[in-house]
Amino acid sequence: MEPTDTQVRAATEGDLAALTELYNHYVRETAITFDTEPFTPEQRLPWLRSHPEDGPHRLLVAQRAETGEILGYATSSAFRPKAAYATSVEVSVYLSPTAGGRGIGTLLYEELFKALATEDVHRAYAGIAQPNEASTRLHARFGFRPIGTYEEVGRKFGRYWDVAWHQKDL
């Protein structure tokens, strides 16, 4: 499958079950997220609703054009809750386990940053649990630069993990 076989659009509530299933893969199988318990779609509904179709906090999905299968998603979310942080966002990409290495993450970020270019957003940040070379390469491709590492900041699967922080000027 090529990225040209993929459509990117704003997520809808109809995507909730597929998005929850995709995210739960990373909860159960990886240290990419520090959530430790899988979610139900009902538990994830407030998260989905916190990403409207416009504004600085977006949730975009990539779907296979022919079947509608969700291949991944990208988000821009509030960086921190205090008002002075409003022009900063934290971004992330999650791909279906079968969609990696096909340009889907690149396609999602292209659309996300195109949308953010019309918003009052100054900087984007990404926290990448280490090691994760694929995510580090993706973020570098979009102009993110490393700004520091929180060492042993999260504990999952009986060990501590570092998170490298990256920044992109918008």
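Everything numeric here is computed off the predicted structure, so don't read it as measured data.

1. What to know about unusual backbone geometry
With omega at 0°, the peptide bond leading from Gln 130 into Pro 131 counts as cis. Tracing the chain through its elements places Pro 131 in the loop between strand S5 (123-129) and helix H4 (133-141). Positive phi outside glycine occurs at Glu 152, with the angle close to 50°. Within the secondary structure layout, Glu 152 lies in strand S6 (residues 145-156). Its identity as a non-glycine residue notwithstanding, Phe 157 has a phi of 55°, on the positive side. Among the secondary structure elements, Phe 157 is positioned in the loop between S6 and strand S7 (159-169).

2. Notes on the packing of aromatic side chains
Under the definition given, this model contains 14 aromatic pairs. A ring pair is formed by Tyr 23 and Tyr 94, whose centres lie 5.2 Å apart and whose planes are at 75°; its orientation type is edge-to-face. With a gap of 71 residues between them, Tyr 23 in helix H1 (residues 16-29) and Tyr 94 in strand S4 (residues 88-95) connect regions that are remote in the sequence. Judged by relative accessible area, which is 6%, Tyr 23 ranks as buried. Accessibility expressed as a relative area gives 10% for Tyr 94, which makes it buried. Seen from their ring centres, Tyr 109 and Phe 113 are 5.0 Å apart, and the 55° between their planes marks the pair as tilted. In this pair, Tyr 109 and Phe 113 are both assigned in helix H3 (residues 104-116), 4 residues apart and thus about one turn of the helix distant. Here the aromatic cluster, defined as three or more aromatic residues joined through ring pairs, consists of Tyr 23, Tyr 26, Phe 39, Trp 47, Tyr 73 and Tyr 94. Lying over the aromatic face of Trp 47, Arg 44 brings its terminal NZ or CZ to 3.9 Å of the ring centre. In this structure, Arg 159 packs its charged tip against the face of Trp 161, placed 3.6 Å from the ring centre.

3. Things to note about the packing of H1 against helix H2 (residues 41-49)
Where H1 contacts H2, the two axes come as close as 10 Å, and the packing angle between them is 100°. On the basis of their axis angle, the class for H1 and H2 is roughly perpendicular. Residues Leu 16, Ala 17, Leu 19, Thr 20 and Tyr 23 of H1 lie in contact with H2, whose contacting residues are Pro 41, Arg 44, Leu 45, Trp 47 and Leu 48. Its residues assigned to classes, the contact of H1 with H2 shows 8 nonpolar, 1 polar and 1 charged.

So, how was this worked out
Residues numbered from 1 in each chain as written. Predicted model: local features only at pLDDT ≥ 70, side-chain atom pairs only at ≥ 80, totals over all residues. Heavy atoms only, no water. Helix = DSSP H or I, 4+ residues; strand = E, 2+ residues; numbered from the N terminus. Phe/Tyr/Trp six-rings, centres within 6.5 Å; stacked < 30°, edge-to-face > 60°. Buried < 20%, exposed > 50% of the residue type's maximum accessible area, 1.4 Å probe, protein only. Lys NZ or Arg CZ within 6 Å of the ring centre and 35° of its normal. Axes fitted to C-alpha atoms, helices over the stretch in contact; angles between N-to-C directions. Parallel < 35°, antiparallel > 145°, perpendicular 65-115°, else oblique. Contact = heavy atoms within 4.5 Å. Nonpolar A, V, L, I, M, F, W, Y, C, P; charged D, E, K, R; others polar.

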